[in-house]
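# A closer look at the structure
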Amino acid sequence: MTTTDDTAPTPDHAAPATAPLTPARRRLGSRTAALDAGGDRTLERLAAARVLVLGAGGLGAPVVAYLAGSGIARLTIVDPDVVDPSNLARQTLFTAADVGRPKAQVAAERAAAVDPECRVDAVVERFHAGLVAGHDVVVDAADSLLVTRAVSDACAAGHVPFVWGSALGYDGQVTVFDDRVVDFHDLHPDVQPDEGSCALDGVLPALCGAVGSVMAAQVTALVAGLGEPLLGRVLSVDARRWRWTESPLRRGAASHRPAQHAPADDTVLPVIAASALAARIADPADDVLVVDVRTPEERAQGVVPGAVPPEDLPADDGRVVVVVCARGPRAVAWATEATASGRTAVVLDGGMQAWEREGLPTT
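On to the sheet that holds strand 7 (residues 233-238), then. If you walk across this open sheet you meet the eight strands as 3-2-1-4-5-6-7-8, and the pairing is mixed. A strand with exactly one partner marks an edge of an open sheet, and here the two such strands are strand 3 (119-123) and strand 8 (243-248). Direction aside, the axes of adjacent strands within the sheet are offset by 15 degrees on average. Across four bridges, strand 6 (residues 171-177) lies against strand 7 in antiparallel orientation. Across the sheet, residue Gly172 finds its bridge partner in strand 7, namely Val237. Running over the sheet, helix 9 (residues 205-224) touches strand 1 (50-54), strand 4 (137-140), strand 5 (162-168), strand 6, strand 7 and strand 8 and is turned about 175 degrees from strand 5.

Here it is, written out as structure tokens:
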């Protein structure tokens with residue numbers, strides 16, 4: 001991270017687009033319009049804004065909730081996962097009745113119910129660069145370094161700013177990237193795998209709400225000028241003591257963007273929660289394949305029911321393979337190679353440690 005003490009520069013943005021207001025939009029945005037520096041012009045800018053939200057989980061839930069009521073023109077929600085019972089404590093868009101349904105679809109329904117004038121699209125798939133086109137701002141709520149690196153390159157190519165947030169344990173971060181000023185490569189120059197997961201390390205539910213709310217506020221700052229966006233500034237929160245700190249982020253002489261080394265979009269692997277995998281295994285109609293890539297000594301201590309070592313995995317017949325290791329990194333490496341060879345692979349989130357922590361059976 002390159003830091004200085006001067007004020008962050010701002011890119012030379014064109015004037016935000018505006019759209020006419022309907023009576024319903026005026027009522028929806030009445031409290032926003034009443035703000036200092038609010039007014040009709042602010043609502044008109046929001047009414048023309050097109051926002052892409054990646055991830056409808058702990059961070060994406062408050063982002064979608066606040067953007068749904070902001071009066072924007074279009075909201076696209078991308079998430080390949082389904083609602084799991086372990087999500088409900090922090091992913092406030094969902095209820096127990098939504099378990100098993102695609103998160104993007106449920107989130108889109110909730111958003112559309114708030115503002116019928118907003119065009120809301122659900123995309124039940126992994127992120128790919130083509131999704132950025134046609135949007136003014138991207139919100140990266142996927143909370144994955146691998147996904148964010150791909151988002152950073154796609155947004156840089158399209159000159160689209162993006163809001164980034166992260167929450168794990170008691171720690172959260174939020175910032176705004178614009179390749180013309182500073183981007184994710186300046187914060188994390190080296191390509192690194194994801195470390196830790198909510199399934200294994202836990203996360204304070206209220207932290208997700210706090211970080212996600214700040215992320216939503218960055219969107220309105222970018223498209224409507226409501227406050228100053230965190231461009232060139234990283235806001236961090238320690239939720240043990242609820243202490244917020246700010247660090248400057250600059251593109252200095254030593255900064256570099258190793259985009260040529262970034263993983264391709266198709267190496268951004270989906271994950272499955274332990275409880276979701278257990279439900280699939282218990283379903284007689286679901287012939288799920290599970291491969292355990294740990295050492296024989298580790299497997300001797302217990303495996304997910306039905307899991308086989310890599311050498312016993314049947315030939316590719318089009319089925320998705322769930323890959324398991326102790327915590328996740330070895331599973332990601334194996335799944336990446338399998339995906340490169342044409343196989344479809346999903347990683348058990350948190351590995352065997354998450355499986356055992358939830359008290360699920362082993363054989």
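Moving on, we come to unusual backbone geometry. Of note, the phi angle at Ala37 is positive, near 75 degrees, even though the residue is not glycine. Position of Ala37 relative to the elements: it lies in the loop between helix 2 (30-33) and helix 3 (40-46). We classify Ala37 as exposed; its relative accessible area is 55%. Positioned with a positive phi, Trp242 is a non-glycine residue whose angle comes to about 50 degrees. Here Trp242 is to be found in the loop between strand 7 and strand 8. Residue Trp242 is classed as partly exposed on the basis of its relative accessible area of 39%.

Where helix 4 (residues 60-68) contacts helix 9, the two axes come as close as 7 Å, and the packing angle between them is 40 degrees. The angle between helix 4 and helix 9 falls in the class oblique. The hand of the helix 4/helix 9 crossing is right-handed. Here helix 4 contributes Pro62, Val63, Tyr66 and Leu67 to the contact with helix 9, which in turn contributes Cys208, Gly209, Gly212, Ser213, Met215, Ala216 and Val219. Along the lines of polarity and charge, the residues of the contact of helix 4 with helix 9 split into eight nonpolar, three polar and no charged.

Below, the discussion takes up the packing of aromatic side chains. Scanning all chains against the criterion turns up four aromatic pairs. Between Trp164 and Phe177, the ring centres sit 6.2 Å apart and the planes meet at 45 degrees, which makes this aromatic pair tilted. Highlighted residues: Trp164 in strand 5 and Phe177 in strand 6, separated in sequence by 13 residues. Exposure class is identical for Trp164 and Phe177. Each is buried. Aromatic pair Phe177 and Phe184: ring centres 5.9 Å apart, planes at 90 degrees, arrangement edge-to-face. For the pair formed by Phe177 and Phe184, the shared burial category is buried. Counting every residue linked through ring pairs, the aromatic cluster contains Phe162, Trp164, Phe177 and Phe184.

Read across the open sheet, the four strands follow the order 9-12-11-10; overall the sheet is parallel. Each of the sheet's edge strands pairs with one partner strand only, and the pair in question is strand 9 (271-272) and strand 10 (289-292). As defined by bridge partners, strand 10 adjoins strand 11 (residues 321-324) across four bridges and the pair is classed as parallel. Within the sheet, the bridge partner assigned to Val290 lies in strand 11 and is Val322.

Moving on: the pairing of strand 4. The alternating pattern of strand 4 places Val137 and Val139 on one face and Val138 and Asp140 on the opposite face, and all of these are buried. Two elements, strand 4 and strand 5, share three bridges in a ladder whose sense is parallel. Bridging across to strand 5, Asp140 finds its partner in Trp164.

The subject of this paragraph is the nonpolar core. With 74 residues, the main nonpolar core has Leu75, Ile77, Val138 and Met215 as its most contacted residues. For this core, the element with the most residues is helix 9, which contributes eight residues. Ignoring any residue separated from it by four or fewer positions in sequence, one finds Met215 in contact with Leu59, Val63, Val139, Asp140, Ala141, Val163, Trp164, Gly165 and Val174. Among the nonpolar cores identified, the runner-up in size contains 17 residues, and Leu277, Val304, Val322 and Val324 belong to it.

Along helix 4, seven of the nine residues are buried, which leaves the element largely enclosed by surrounding structure. Buried positions along helix 4 lie against strand 1, strand 2 (74-78), helix 5 (103-114), strand 4 and helix 9.

Before going further, it helps to examine the environment of Thr32. Position of Thr32 among the secondary structure elements: in helix 2. Note on Thr32: relative accessible area 23%, which makes it partly exposed. Once the C-alpha coordinates of Thr32 and Thr42 are considered, the two residues, 10 residues apart in sequence, prove to be 8.2 Å apart. Residues contacting Thr32, with those up to four places away along its chain left out, are Gly38, Thr42, Leu43, Leu46 and Leu226.

About the criteria used
- Residue indices begin from 1 for each chain and proceed along its sequence in written order.
- Given that the model is predicted, a residue must reach a pLDDT of at least 70 before its local features are reported, and side-chain atom pairs must reach 80 or more before they are shown or counted; all residues, however, enter totals for whole chains, interfaces and linings.
- With hydrogens and water stripped out, all remaining heavy atoms of the structure feed into the side-chain values.
- Any two strands are treated as partners once DSSP identifies two or more bridges connecting them.
- The way it works is that DSSP assigns letters per residue, a run of H or I at least four long becomes a helix, a run of E at least two long becomes a strand, and they are numbered from the N terminus.
- Helix axes are fitted to C-alpha atoms over the stretch in contact, other axes to C-alpha atoms as well, and angles between N-to-C directions run from 0 to 180 degrees.
- A contact between two residues is defined here by any heavy atoms of the two lying within 4.5 Å.
- Classification of residues uses two cut-offs on accessible area relative to the type maximum, computed with a 1.4 Å probe and protein chains only: under 20% is buried, over 50% is exposed, and between them is partly exposed.
- Put simply, angles under 35 degrees are roughly parallel, angles over 145 are roughly antiparallel, angles from 65 to 115 are roughly perpendicular, and the rest are oblique.
- The handedness criterion is simple: a crossing whose near helix is rotated anticlockwise from the far helix by less than a right angle is left-handed, and one whose near helix is rotated clockwise is right-handed.
- Basically, the charged four are Asp, Glu, Lys and Arg, the nonpolar ten are Ala, Val, Leu, Ile, Met, Phe, Trp, Tyr, Cys and Pro, and anything else, Gly included, counts as polar.
- For this analysis, a ring pair means two rings from Phe, Tyr or Trp (six-membered ring only for Trp) whose centres lie within 6.5 Å, classed as stacked if their planes differ by under 30 degrees, edge-to-face if by over 60, and tilted for the remaining angles.
- For the purposes of this section, nonpolar cores are sets of buried Ala, Val, Leu, Ile, Met, Phe, Trp, Tyr and Cys residues that join through side-chain atoms within 4.5 Å.

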